Amino acid sequence: MALSLAHALELPGKLRLKEATYRSVQAIYYPGFTIGGFAEIGGIIALAVLLYLTPYPSARFLWTLAALVFLLAEHATYWLVTHPVNNFWVQDTAMPKSAATFFSMFSRKQTGDWRDLRNVWEASHVARAGLAMLSLVSIAVAATFFAE
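Rules of the game
- Residues numbered from 1 in each chain as written.
- Predicted model: local features only at pLDDT ≥ 70, side-chain atom pairs only at ≥ 80, totals over all residues.
- Heavy atoms only, no water.
- Helix = DSSP H or I, 4+ residues; strand = E, 2+ residues; numbered from the N terminus.
- Buried < 20%, exposed > 50% of the residue type's maximum accessible area, 1.4 Å probe, protein only.
- Contact = heavy atoms within 4.5 Å.
- Areas by Shrake-Rupley, 256 points an atom, 1.4 Å probe, with all protein chains shown as cover.
- Patch = residues over 30% accessible without salt bridge, like charges linked within 9 Å, V, L, I, M, F, W, Y side chains within 5 Å.
- Salt bridge = Lys/Arg side-chain N within 4 Å of Asp/Glu carboxyl O.
- Core = buried A, V, L, I, M, F, W, Y, C linked by side-chain atoms within 4.5 Å.
- Expected span 1.5 Å × (residues − 1).
- Bend = angle between axes of the 7 residues up to and from the residue.
- Axes fitted to C-alpha atoms, helices over the stretch in contact; angles between N-to-C directions.
- Parallel < 35°, antiparallel > 145°, perpendicular 65-115°, else oblique.
- Left-handed = near helix turned anticlockwise from the far one by under 90°.

1. Side note on the overall build of the protein
The helix and strand inventory of the protein stands at seven helices and zero strands. Along the chain direction, N to C, the helices and strands of the protein fall in the order α-α-α-α-α-α-α. In the protein, buried positions account for 34% of the 148 residues. Taking as baseline every contact in the protein between residues at least 6 positions apart, the subset at least 24 positions apart corresponds to 76%. About 8500 Å² of surface is accessible on the protein, with carbon and sulfur atoms providing 71% of the total.

2. Focus: unusual backbone geometry
Along the chain, Tyr56 connects to Pro57 via a cis peptide bond; the corresponding omega equals -5°. With respect to the helices and strands, the residue Pro57 is situated in the loop between α4 (39-53) and α5 (59-90).

3. Overview of a nonpolar patch on the surface
On the surface, a nonpolar cluster with roughly 680 Å² of combined accessible area is contributed by Phe38, Ile41, Ile45, Val49, Tyr52 and Leu53. Here Ile45 is to be found in helix α4.

4. Digging into the nonpolar core
Of all hydrophobic cores here, the largest spans 13 residues; its most connected members are Tyr22, Tyr30, Val85, Trp89, Phe103, Leu117 and Trp121. Of all elements in the fold, only α5, α6 (97-104) and α7 (114-144) reach the threshold of two or more residues within this core. Among the elements that make up this core, the one with the highest residue count is α5 (five residues). Setting aside residues up to four positions removed in sequence, Tyr22 forms contacts with Lys14, Leu17, Trp89, Trp114, Arg118, Trp121 and Glu122. One finds Ile44, Ala67, Leu68 and Leu71 within the second-largest nonpolar core, a separate group that totals seven residues.

5. Focus on the environment of Thr82
Tracing the sequence through the fold places Thr82 in helix α5. We classify Thr82 as buried; its relative accessible area is 0%. C-alpha separation for the pair Thr82 and Ser124, spaced 42 residues apart in sequence, amounts to 6.0 Å. Sequence-distant contacts of Thr82, defined by excluding residues within four places in its chain, comprise Thr77, Trp121, Ser124, His125 and Arg128.

6. Here's the deal with α5
Over its 32 residues, α5 runs 44 Å from end to end, which matches the ideal 46 Å to within 8%, given 1.5 Å per residue. Of all the bends in α5, the greatest reaches close to 45° and is centred on Thr82; the proline Pro84 follows between one and four positions later.

7. Here's the deal with the packing of helix α2 (residues 19-27) against α7
In a pair of packed helices, the angle between the axes and the distance between the axes together describe the arrangement. At a minimum axis separation of 11 Å, α2 and α7 run at an interaxial angle of 40°. One finds that α2 runs oblique with respect to α7. Viewed along their axes, α2 and α7 form a crossing whose handedness is left-handed. Note on element contacts: α7 touches α2 through Trp114, Arg118, Trp121 and Glu122, opposite Glu19, Tyr22, Arg23 and Gln26.

Keep in mind that these numbers describe shape and distance, not what the molecule does.
As structure tokens, then:
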């Protein structure tokens, strides 16, 4: 949740930036946020294992399932909305071959006004932060209110 929340919290300040500054700021996220993003896969795997180990039918099972669904939706939002726009922001950034390969995955050529792409990118992170928060709340409910 931390990475998507960090991006969402930057929104008010970043909306005030002019194009050149915004493009410069976008380039600072890599590779740190890219590396951190792989932790989401670990969270999905951990929730899937926990769900498998949780007795069905139970309220705990349903809350754990909800947490997993929210986390999967957050991750899907990245690949379907954020990632294609990322390719636009990093197209002129020098990076190692592994990073270039990552950003080229599932990419499509992005064109249009930079403000439109900025708005998509920023809104996707607000959505991701909301989904991650719902996942966290769901697993907290499963762990606390339905503890045996």
